[in-house]
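# Survey of secondary and tertiary structure
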Amino acid sequence: MTLLLKTAALSVDFDPDKHDLKAHGALALMVQPVLKMMNQRLCEEKPALVRETDIVASTWLPPIPSGPFRRLLLNEAKIAIGRPIPQTVSIEVTRQCGARCDHCLIREGEGELSSEQIKSVIDQALDLGACIITFTEGDPLLREDIIDLIRHVDPERAVVNLFTPGLDLTKERAEELKKAGLYNLIIGVYSTVPEEHDRVRGLEGAHQRAVEAIKTALSAGLMVTMAAHVKSGDVDRIPDLYQFAAELGVQELSIWEGMPRNPEEQITQIEREKIIDLYRKINSTPGGPRLFANTYFEGQMMGCMAGRRWLHVAVDGSVRACPYLKESFGNVLDCPIKEIWKAIRRSKEFEGFVSGCPAQNLYLQDLQPR
């Protein structure tokens, strides 16, 4: 039995052999629902990775046991008593990118946060309770200081994820990322057909370079998630993407519902049920990568995370509840993140359990004729 957390009001034990979490103390009943959920996942689903010292249930969660996972448990106790914490803070660190994706939200415009400004964001996020820091947009690997930024995140407090289109990952850079303490490298692959992926990226040869980046990262000992966004009509391609991910040897395939550009692109309820069926079938079958699907994670399991457990810092310093909701509640250049988080919570826009995606609904509303 491993002691994960011990405070005056709450202690949590983990049995690595049984994959079982147990809580004790005054707050035990408050966190029991989330522990029950985690235990069910650990019992019924294969993990992304099992190592000698820990278990990675999903590449989107800190390993068990670890300092960041202890913080996640403590945060869940606070959330249970009505004190929401931004568990995940995503930060757009650059506009630079070799791809020209149509769906990119930041390729137009100028400027980005300085190294010291991003470090301040990281420090403030950690002080708020964040246990997952994600560097994103456009290609973080093009920032000269990205290794320094990864190192700046205290590994006892948070894990670091990094999104990249995987256009220019060298063996040397992969080894630097590993040494700096990167937890998970997320590389987008939108199709098993190179031409289709290249079309999304707006760059010929992007698919081949992404595949090479995955192989290079895995060879360097990095944990890798292959990620794809799907819209209506794409769901039947997920098994092919999964088979491709299995052949490459990544730890997890991550499927996200894309933002629809018209009503026909919005995922239907039947398609969502298909995704959830795939999620259950794949994750209950031994071998191969784990499948993450935000249709399940934010749909049935945790509900929408925006403004509840997630906070997003845009490339210009403005802060939103998630990357896809346009409303800004402040800017890190003018206001502490703690105060911006309070403003998000005071707005009352992010209350209760929401199984749908508010951003998708807003996108579709914006498309309606005025």
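These lines cover the structure that appears in this document, whether it is placed above or below. Computed from a predicted model, the values in this text were never measured in an experiment.

Next up on the list: the overall build of the protein. From N to C terminus, the protein includes 12 helices and 14 strands. For 370 residues, the compact-globule estimate of 2.2 N^0.38 gives 21 Å, and the C-alpha radius of gyration of the protein, at 20 Å, lies within 12% of that figure. Relative to its 370 residues, the protein shows a buried fraction of 54%. Carbon and sulfur atoms make up 51% of the accessible area of the protein, which amounts to about 16,800 Å² in all. Side chains of the protein carry 44 positive and 52 negative charges; the gap between the two charge centres is 5 Å.

Here we take up the packing of aromatic side chains. What the rule picks out here adds up to seven aromatic pairs. Here the aromatic rings of Trp 60 and Phe 163 are separated by 6.0 Å at their centres, their planes lie at 45 degrees, and the arrangement is tilted. Note that Trp 60 is positioned in the loop between strand 5 (55–56) and helix 2 (67–80) and Phe 163 in strand 8 (residues 159–164), a separation of 103 residues in sequence. Arranged with centres 5.5 Å apart and planes meeting at 40 degrees, the rings of Trp 60 and Phe 292 form a pair that is tilted. In this pair, Trp 60 is assigned in the loop between strand 5 and helix 2 and Phe 292 in strand 12 (residues 290–293), connecting sequence segments 232 residues apart. With relative accessibility at 13%, the residue Trp 60 sits in the buried group. Every member of this aromatic cluster is reached through a ring pair, and the members are Trp 60, Phe 163, Trp 256, Phe 292 and Phe 297.

Our next topic: the state of the cysteines. One pass over the full model with this rule turns up zero disulfides. Here Cys 97 stays free of any disulfide, with the sulfur of Cys 101 as its closest cysteine sulfur at 6.1 Å. Classification of Cys 101 as buried rests on a relative accessible area of 7%.

With the rule as written, the count across this model stands at 23 salt bridges. For Arg 51, the salt bridge is made with Asp 54, and the minimal N-O distance between the two is 2.8 Å. The exposure class assigned to Asp 54 is buried, which follows from its relative accessible area of 11%. Connected through salt bridges with shared partners, the residues Arg 41, Glu 44, Glu 45, Glu 252 and Arg 290 form a single ionic network.

Okay, the nonpolar core next. The biggest cluster of nonpolar side chains holds 86 residues, and the ones touching the most others in it are Ile 133, Phe 135 and Met 226. One finds Phe 14, Val 56, Ala 77 and Ile 132 within the second-largest nonpolar core, a separate group that totals 27 residues.

The next subject is the sheet that holds strand 6 (residues 88–92). Read across the open sheet, the nine strands follow the order 12-11-10-9-8-7-6-13-14; overall the sheet is mixed. In this open sheet, the two edge strands, each paired with only one partner strand, are strand 12 and strand 14 (319–320). Pairing of strand 13 (residues 310–313) with strand 14 involves two bridges; the strand directions are antiparallel. Bridged to Val 313 within strand 14 is Val 319.

Before going further, it helps to spend a moment on the environment of Lys 348. You can see Lys 348 is positioned in the loop between helix 11 (337–346) and helix 12 (358–367). Residue classification places Lys 348 among the exposed residues on the basis of a relative accessible area of 61%. With 41 residues separating them along the chain, Lys 348 and Gly 307 place their C-alpha atoms 9.6 Å apart.

Calculation rules
- Residues numbered from 1 in each chain as written.
- Predicted model: local features only at pLDDT ≥ 70, side-chain atom pairs only at ≥ 80, totals over all residues.
- Heavy atoms only, no water.
- Helix = DSSP H or I, 4+ residues; strand = E, 2+ residues; numbered from the N terminus.
- Rg over C-alpha atoms; globule rule 2.2 N^0.38 Å.
- Buried < 20%, exposed > 50% of the residue type's maximum accessible area, 1.4 Å probe, protein only.
- Areas by Shrake-Rupley, 256 points an atom, 1.4 Å probe, with all protein chains shown as cover.
- Lys, Arg positive; Asp, Glu negative; His and termini not counted.
- Charge placed at Lys NZ, Arg CZ, Asp CG, Glu CD.
- Phe/Tyr/Trp six-rings, centres within 6.5 Å; stacked < 30°, edge-to-face > 60°.
- Disulfide = S-S within 2.5 Å.
- Salt bridge = Lys/Arg side-chain N within 4 Å of Asp/Glu carboxyl O.
- Core = buried A, V, L, I, M, F, W, Y, C linked by side-chain atoms within 4.5 Å.
- Pairing = 2+ DSSP bridges.

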